[in-house]
Amino acid sequence: MKNNIGITVAAIGLLLSISGPTLFEQNQFLKYTFLGLGVLLAIYGAYKADKERKLN
């Protein structure tokens, strides 16, 4: 069975980027911190998944 850590990281990043602005509507710092963190994790997860796919 393949190790799908890249897809998992990308999914967590998308979850953070969607739920962050919804959960922290009042606090602008937390809202945009979670949004940025989610986007960065999604990009890194997609890169990692592509790298894993090319190795197999």
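Residues numbered from 1 in each chain as written. Predicted model: local features only at pLDDT ≥ 70, side-chain atom pairs only at ≥ 80, totals over all residues. Heavy atoms only, no water.

1. Focus on the packing of helix 1 (residues 5-23) against helix 2 (residues 28-55)
Packed helices, taken two at a time, are described by the angle their axes make and the gap between the axes.
Turning to step 1, where the next piece is worked out: With their axes 7 Å apart at the nearest point, helix 1 and helix 2 run at an angle of 160° to one another. Classified by the angle their axes make, helix 1 and helix 2 are roughly antiparallel. Once helix 1 is placed against helix 2, the crossing between them reads as left-handed.
Turning to step 2, where the next piece is worked out: Considering only residue class, the contact of helix 1 with helix 2 consists of 17 nonpolar, 6 polar and 3 charged. (Axes fitted to C-alpha atoms, helices over the stretch in contact; angles between N-to-C directions. Helix = DSSP H or I, 4+ residues; strand = E, 2+ residues; numbered from the N terminus. Parallel < 35°, antiparallel > 145°, perpendicular 65-115°, else oblique. Left-handed = near helix turned anticlockwise from the far one by under 90°. Nonpolar A, V, L, I, M, F, W, Y, C, P; charged D, E, K, R; others polar.)

2. As for the environment of L14
Turning to step 1, where the next piece is worked out: Mapped onto the fold, L14 is located in helix 1.
Turning to step 2, where the next piece is worked out: For L14, a relative accessible area of 48% puts it in the partly exposed group.
Turning to step 3, where the next piece is worked out: Separated by 27 residues in the primary sequence, L14 and L41 place their C-alpha atoms 7.7 Å from one another. (Buried < 20%, exposed > 50% of the residue type's maximum accessible area, 1.4 Å probe, protein only.)

3. A word on the pattern of salt bridges
Turning to step 1, where the next piece is worked out: Applying the stated criterion across every chain, the model contains 2 salt bridges.
Turning to step 2, where the next piece is worked out: We note a salt bridge from D50 to R53, for which the minimum N-O separation is 2.9 Å. Here D50 pairs with R53, and both are found in helix 2, just 3 residues apart, close to one helical turn.
Turning to step 3, where the next piece is worked out: A relative accessible area of 31% means that D50 is categorised as partly exposed.
Turning to step 4, where the next piece is worked out: Close ionic contact of K54 with D50 constitutes a salt bridge, the shortest N to O distance being 3.4 Å. Remark: D50 and K54 occur in helix 2; sequence separation between them is 4 residues, near one turn of the helix.
Turning to step 5, where the next piece is worked out: Look at K54 and you get exposed, because its relative accessible area is 61%.
Turning to step 6, where the next piece is worked out: Bridged by salt links that share partners, the residues D50, R53 and K54 form one connected network. (Salt bridge = Lys/Arg side-chain N within 4 Å of Asp/Glu carboxyl O.)

In short, geometric facts, not functional conclusions.
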